[in-house]
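Structural overview for review
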Amino acid sequence: MKNAIKTVLAAIALLTVADCQTIDQKEYLKFTVDHQYRSGPSMNARLNTRPDVTVSIDGWIPEDAKAVVLWFPGGEGLGGNMGVDHIFVDKGIGFIRVQPPSDMPAGFVCCNSPFRSSGDHVRDVGAVIGYVKQTTGLPVWLMGLSMGSVSVANVATSLPDAISGVVFMSSITHYTAKNTPAHNELLVTQFSLSAIKVPVLALAHAQDNDFTSPPSGAEDIVQAATHAPVKEAKIFSEGPN
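Reading guide: rules and limits
- Residues numbered from 1 in each chain as written.
- Predicted model: local features only at pLDDT ≥ 70, side-chain atom pairs only at ≥ 80, totals over all residues.
- Heavy atoms only, no water.
- pLDDT = per-residue confidence, 0-100.
- Contact = heavy atoms within 4.5 Å.
- Helix = DSSP H or I, 4+ residues; strand = E, 2+ residues; numbered from the N terminus.
- Expected span 1.5 Å × (residues − 1).
- Buried < 20%, exposed > 50% of the residue type's maximum accessible area, 1.4 Å probe, protein only.
- Polar contact = N/O pair within 3.5 Å; in protein donor to acceptor, adjacent residues only side chain to side chain.
- Phe/Tyr/Trp six-rings, centres within 6.5 Å; stacked < 30°, edge-to-face > 60°.
- Lys NZ or Arg CZ within 6 Å of the ring centre and 35° of its normal.
- Axes fitted to C-alpha atoms, helices over the stretch in contact; angles between N-to-C directions.
- Parallel < 35°, antiparallel > 145°, perpendicular 65-115°, else oblique.
- Pairing = 2+ DSSP bridges.
- Right-handed = clockwise from strand over helix to strand, strands pointing away.

Points about the confidence of the model for the protein
Chain-level pLDDT for the protein is 91 on average; 91% of the residues reach the 70-or-more range. Confidence drops under pLDDT 50 across residues 14–22; counting only partners more than four residues distant or on other chains, this segment forms 30 contacts.

Topic: helix 4 (residues 119–136)
Here helix 4 is 18 residues long and its end C-alpha atoms lie 25 Å apart, about the 26 Å a rise of 1.5 Å per residue gives. Turning to helix 4, its buried residues are His121, Val122, Asp124, Val125, Gly126, Ala127, Val128, Ile129, Gly130, Tyr131 and Val132. For helix 4, the N-terminal capping position is held by Ser118, with its side-chain oxygen 3.5 Å away from the main-chain nitrogen of Asp120.

Here's the deal with the packing of aromatic side chains
Overall, the coordinates contain 4 aromatic pairs when judged by the stated rule. With a centroid separation of 5.5 Å and an interplanar angle of 90°, the aromatic rings of Phe31 and Tyr131 are classed as edge-to-face. One end of the pair, Phe31, is in the loop between helix 2 (25–28) and strand 1 (32–39); the other, Tyr131, is in helix 4, with 100 residues separating them in the sequence. Here Phe31 and Tyr131 have matching classes, each one buried. Its guanidinium or amino end placed over the ring of Tyr28, Arg123 lies 4.3 Å from that ring's centre, counting from NZ or CZ.

Quick look at helix 5 (residues 148–158)
Working note: α-helix, 3.6 residues per turn, so residues spaced by three or four point in the same direction. Across the 11 residues of helix 5, 11 count as buried, placing the element largely inside the fold. Among all positions of helix 5, only Gly148, Ser149, Val150, Ser151, Val152, Ala153, Asn154, Val155, Ala156, Thr157 and Ser158 are buried.

A word on the packing of helix 4 against helix 5
Running from N to C, helix 4 and helix 5 point in directions that differ by 75°, and their axes come no closer than 10 Å. One element, helix 4, and the other, helix 5, form an angle in the roughly perpendicular class. Contacts between helix 4 and helix 5 involve His121, Val122, Val125 and Ile129 on the former and, on the latter, Ser151, Asn154, Val155 and Ser158.

Section: the environment of Glu232
When you line up the elements, Glu232 lands in strand 9 (residues 231–236). On the accessibility criterion, Glu232 (40% relative accessible area) is partly exposed. For the pair Glu232 and Ala218, spaced 14 residues apart in sequence, the C-alpha separation works out to 8.6 Å. In this view, Glu232 contacts Val200, Leu201, Ala202 and Val222; residues no more than four positions away in its chain are not counted.

Considerations on the side chain of Thr54
Looking at where Thr54 falls in the secondary structure, it is placed in strand 3 (residues 53–60). Here Thr54 is in contact with Arg46, Leu47, Asn48, Thr49, Pro101 and Ser102, once residues within four sequence places are set aside.

Quick word on the pairing of strand 5 (residues 93–98)
Within strand 5, 6 of the 6 residues are buried, leaving the element largely enclosed by the surrounding structure. By the alternation rule, side chains of strand 5 split into Ile93, Phe95 and Arg97 and Gly94, Ile96 and Val98, which are all buried. As defined by bridge partners, strand 3 adjoins strand 5 across 4 bridges and the pair is classed as antiparallel. Across the sheet, Gly59 pairs through a bridge with Ile96, a residue of strand 5. Sheet topology places strand 4 (residues 67–72) next to strand 5; 5 bridges connect them, and they run parallel. Bridging from a neighbouring strand, Val68 pairs with Gly94 of strand 5. One crossover worth recording links strand 4 to the parallel strand 5 by way of helix 3 (residues 85–90), and it is right-handed.

This is how it looks when you write it as structure tokens:
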């Protein structure tokens, strides 16, 4: 994990600005604040993103931050960050967790709804990007683990000029053992990854035996991101479980 995080931090140092637009970015980056709180590096906020829907974010932005990472956990999207937030903050990178919207209190996997692949998800995350950029003035990167990689792919290909880089970790690039889409979501490689024009980093573990996130998927992502100015797949091995 430490080696993977070092790789992510090195990639973020590139801070390349995107120059592509596929939808009305100004519309998707709109937000209003329902609640916000900041004390030192700690911050949290609840944003109005869609009619009667809010999205909450929480994390840390150090005083010397040079970029902010939006973190998308896997599974239902309610998990933590495995303690890596402090590693980022110590290196001058803000780390913000994006939670599922208020109309999905049980998380993204409720009822097998393909929400991570939806336009509503783009609108929710777009509001978060707009808020973070307006309040910090910093470049924003997206980073997702497992099912979180679907969120990253959807937002990155829909709002390519609103972000400065993307990181895919153990990405969902294949169907399940039953040859069905995981939680009915699109695969990362089913998005138009060629729309991404910022640095792309794809991480995987050589011993990942999940049908949906084989290590070869990292290479598939990088190959599909044909317009990324800098791109790399990193395959790790060994380490604890």
